[in-house]
Amino acid sequence: MARPHPNLTRRYADDLRLFRTRAAKAWLVVLVLLWLLTPMFLTDPFWLSVLNYAGIAAIGAIGLNLLTGYTGQVSLGHAFFIGAGAYVAAAVGGDLGLPLVLWLPAAALFGALVGAVIGPFALRLRGNYLAIVTLGLVFLGDYVFRNLEGLTGGNSGTSVTAEATLGPVDFNAVTILGDEYIRNQGWFWLVWALVALCALLAKNIVRTRPGRAIQAIRDRDVAAEIVGVELGRYKVAAFVVSSGFAALGGALYGAYQQYVSPDEWTLFLSIQYIAIIIVGGVGTIFGAVLGALFLGGLPAVIENYSDSIPGVATTAADDGFISVFSLNQAIFGLLIVLFLMFEPRGLAALWLRVKAYFKAWPFSY
Amino acid sequence: MTEFLQLCFNGLALGARYALVALGFVVIYRATGVINFAQGALVALGAYLTYAFANGAGLPFALAVLLAVLCSSAFGAGLERTVLRKMVGEPVFAVIMITIGLLFIVEQAITAIWGFDNLNLADPWGVETVGAADVVMAVRDLWTLGIAAAVLAGFFAFFRLSALGVAMRATAFDAEAALAQGISARRVFAVSWAISAGLAALAGVTLASGPAALSPTIGAIALVAFPAMIVGGMDSPAGAVAGGMIIGLTQALTAGYQEDVAPWLGQNFGAVMPYVVMIVILLVRPYGLFGTREVRRV
């Protein structure tokens, strides 16, 4: 009996499967190999750290994409939850000295808890309101972080001495077959393994009942309510999960950087995360990771090659008309505007278009 | 008592600036249903244009302000024409994000042109003050209150009396019915952005007056004007004014008394007070003091 083409969807269950085609499985193998081998061949600490920060950003961006891309709720408060996670890592991992398997979930839980407390207030109203309430959250959070000196070190910040040991493996100094690897290499394995876990978790959320519910809310909230989706419950749940992801990313960020200060959790950080999901692709998990890599890499490239970009001042005494920081902000703004106007589904859509072209080849549609 | 009056005066002067910005938000929100996050950039742009006309070109201050307001309005209408009009019918999320993107672009363009330094705007008010019953009032604050009052009077007259103002109210009330009456939605959108940018420019000038007060960060006032808009109600111009005054007063009074009354709150609580007020209002009256309650039927 002739077997149907693997791309043919015959049952609903087929449509929901994670790895439907052989190509998808091959991709999975390629990605795992890339994950294993990248730190072995890429030994430059600068580019490794760029990749690590991009991975950390990807975790937060996956969370924001669940809230903004899948539920359609705009949050400007992501920076607050990232900061909260970093301080939990400092307190639980650093001051109490608990291991990785405790401080990481503790941060995520704390973020989720704070999200659960704030969510019901912030999500009572439709549309624009959440953006403004969460904007207030960034400023209130900034005030709290600066004044809770015992925990956060106030304006001068605090060091984060959380350890990164899982069983016999210390990610700060990995040894494989007698070869020693530096901290950035070890953290690459840790961070990107967590990215994969978070992506899998998020994917599983969006392909099951709660995922369909939140997408229904995004598409038309009144219609969703009519078919029996409890708006309040699902919106708050999306906010809670998104806050948990953000705090998890924040905890990793703090522990990796080993030092955090309240100057980092600004509105601009929230905007960066929004830029990541817009550029990567709103409403796709894969897009959040893609966006994090792209926008994490971009400032690094600018920083590294700013000498050769005309008009950019690398030092205060330089005669360029725009500083690296300003240039980054302007580029983030420009990318948000251009992508929303010309490719609202982001980089992920470019990839899907290429795929669709080859699928339909030699026909144009 | 003197201290109280002093704080109240300062609060009202601050509130007048919030009111100007919040009014700009409301005009755009009523016409297009969009919250314009780029308002802060328009505030800074107005102030820097005034600087360019008054200090750079050496024009009389009043003329410089007028030119800056006109240029800002043209810029606002231009933004609407080139960017926002393409987003009509897109999800709210996308439109908000576009305005945030514009905020970052315009702000950085301003720093690229004029730099990060604090500048002295050539305003005629300087640091002069007048005293009345022991209350010291800065001349620039008095002018701010005067300008705000004049603008508000003109604003409400425009919306009550002029054909275009009535057309804009009709569009805000029911866009399709207004369209059927022959009111051009495009014209209404463009004029809304122009008015809003003009108001922002005025707010920028009043903020930048005084010694070395003009810096790229003055656009941040728009972020505090959000609570003013929410407190008043997003679609109510009168609410924006009341909200601005309430936020200005509470912020000044908190900054003045918090250290004596509640020292455990730590530093700078006054700066976040507007957001606390906003959250309380959202809990008690989600649609603001003067806003229209949204009716949903399922």
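Not measured: the values here are computed from a predicted model.

Rules used in this analysis
Residues numbered from 1 in each chain as written. Chains lettered and ligands numbered in written order. Predicted model: local features only at pLDDT ≥ 70, side-chain atom pairs only at ≥ 80, totals over all residues. Helix = DSSP H or I, 4+ residues; strand = E, 2+ residues; numbered from the N terminus. Rg over C-alpha atoms; globule rule 2.2 N^0.38 Å. Buried ≥ 20, exposed ≤ 12 C-beta atoms within 10 Å, placed from the backbone. Contact = placed C-beta atoms within 7 Å. pLDDT = per-residue confidence, 0-100. Axes fitted to C-alpha atoms, helices over the stretch in contact; angles between N-to-C directions. Parallel < 35°, antiparallel > 145°, perpendicular 65-115°, else oblique. Nonpolar A, V, L, I, M, F, W, Y, C, P; charged D, E, K, R; others polar. Expected span 1.5 Å × (residues − 1). Left-handed = near helix turned anticlockwise from the far one by under 90°. Pairing = 2+ DSSP bridges. Bend = angle between axes of the 7 residues up to and from the residue.

Further remarks concern the overall build of chain B. Helix and strand counts for chain B stand at 11 helices and 2 strands. Put simply, chain B runs from its N terminus to its C terminus through helices and strands in the order α-α-α-α-β-β-α-α-α-α-α-α-α. The C-alpha atoms of chain B give 19 Å as radius of gyration, which agrees with the globular expectation for 298 residues (19 Å, within 12%). Over its C-alpha atoms, taken along the principal directions, chain B stretches across nearly 60 × 50 × 35 Å.

When helices and strands are tallied, chain A shows 15 helices and 8 strands. Compactness check: chain A gives a C-alpha radius of gyration of 21 Å against a globular reference of 21 Å for 365 residues, within 12% of the reference. Across its three principal directions, the C-alpha atoms of chain A cover 65 × 50 × 50 Å. The 365 residues of chain A split such that 47% are buried. Long-range pairs, those at least 24 residues apart, make up 74% of the contacts in chain A between residues at least 6 apart in sequence.

What follows covers the interface of chain B and chain A. Taken together, the contacts link 36 residues of chain B with 36 residues of chain A. Looking at the side of chain B that touches chain A, the elements with two or more residues in it are α4 (92–114), α9 (221–232) and α11 (269–284) of chain B.

The subject of this paragraph is the confidence of the model for chain A. On average, residues of chain A score 86 in pLDDT, and 94% of them reach the 70 mark or higher. The least confident element of chain A is strand β7 (residues 312–313) of chain A, whose mean pLDDT is 66; the most confident is helix α11 (residues 231–257) of chain A, at 94.

Moving on: the packing of helix α8 (residues 183–206) of chain A against α11 of chain A. All names here are of chain A. Interhelical geometry of α8 versus α11 gives an angle of 180° and a closest axis separation of 12 Å. Considering their axes alone, α8 and α11 lie roughly antiparallel with respect to each other. Contacts between α8 and α11 pair W187, V191, L194, C198 and I205 from the former with V241, F245, L252 and Y256 from the latter. Residue composition of the contact of α8 with α11, by class: 9 nonpolar, no polar and no charged.

Moving on, we come to α11 of chain B. If you check α11 of chain B, its first and last C-alpha atoms are 22 Å apart, about what 16 residues at 1.5 Å a residue would give, namely 22 Å. Every buried residue of α11 of chain B is listed here: V272, M273, P274, Y275, V277, M278, I281 and L282 of chain B. If you follow the buried residues of α11 of chain B, they end up packed against α5 (100–122) and α6 (129–147) of chain A together with α9 and α10 (237–261) of chain B.

What follows covers the packing of helix α3 (residues 61–82) of chain B against helix α8 (residues 185–208) of chain B. Residue and element names in this part refer to chain B. Between α3 and α8, the least distance of the axes is 7 Å, while the angle of their chain directions is 140°. Here α3 lies oblique to α8, going by the angle between them. For the pair α3 and α8, the crossing hand works out as right-handed. Each of V65, A68, V69, S72, S73, F75, G76, A77, L79, E80 and R81 in α3 lies in contact with α8, whose residues at this interface are F189, A190, W193, A194, S196, A197, G198, A200, A201, L202 and V205. Of the residues belonging to the contact of α3 with α8, the class tally is 15 nonpolar, 5 polar and 2 charged.

Turning next to unusual backbone geometry. Positive phi outside glycine occurs at Q258 of chain A, with the angle close to 70°. Here Q258 of chain A lies in the loop between α11 and β6 (259–260).

Residue and element names in this part refer to chain B. Across 4 bridges, the pairing between strand β1 (residues 129–132) and strand β2 (residues 135–138) is antiparallel. Bridge pairing in β2 links V130 to M137. Counting the residues between successive antiparallel strands, the hairpin from β1 to β2 contains 2 residues, one of them, A133, with a positive phi of roughly 50°.

On to the environment of A62 of chain B. With respect to the element layout, A62 of chain B can be found in helix α3. Residues A62 of chain B and T50 of chain B, spaced 12 residues apart in sequence, show a C-alpha to C-alpha distance of 9.4 Å.

Checked against the element boundaries, V130 of chain B lands in strand β1. With 12 residues separating them along the chain, V130 of chain B and L142 of chain B place their C-alpha atoms 9.3 Å apart.

Moving on to helix α2 (residues 22–41) of chain A. Quick reminder: α-helices carry 3.6 residues per turn. Residues three or four places apart thus point the same way. Residues and elements named next belong to chain A. The terminal C-alpha atoms of α2 lie 28 Å apart, and with 20 residues this matches the ideal 28 Å at 1.5 Å per residue to within 8%. Of all bends in α2, the biggest is about 30°, found at W35, and the proline P39 comes one to four residues later. The buried count for α2 comes to 1 of 20 residues, which makes it a mostly uncovered element.

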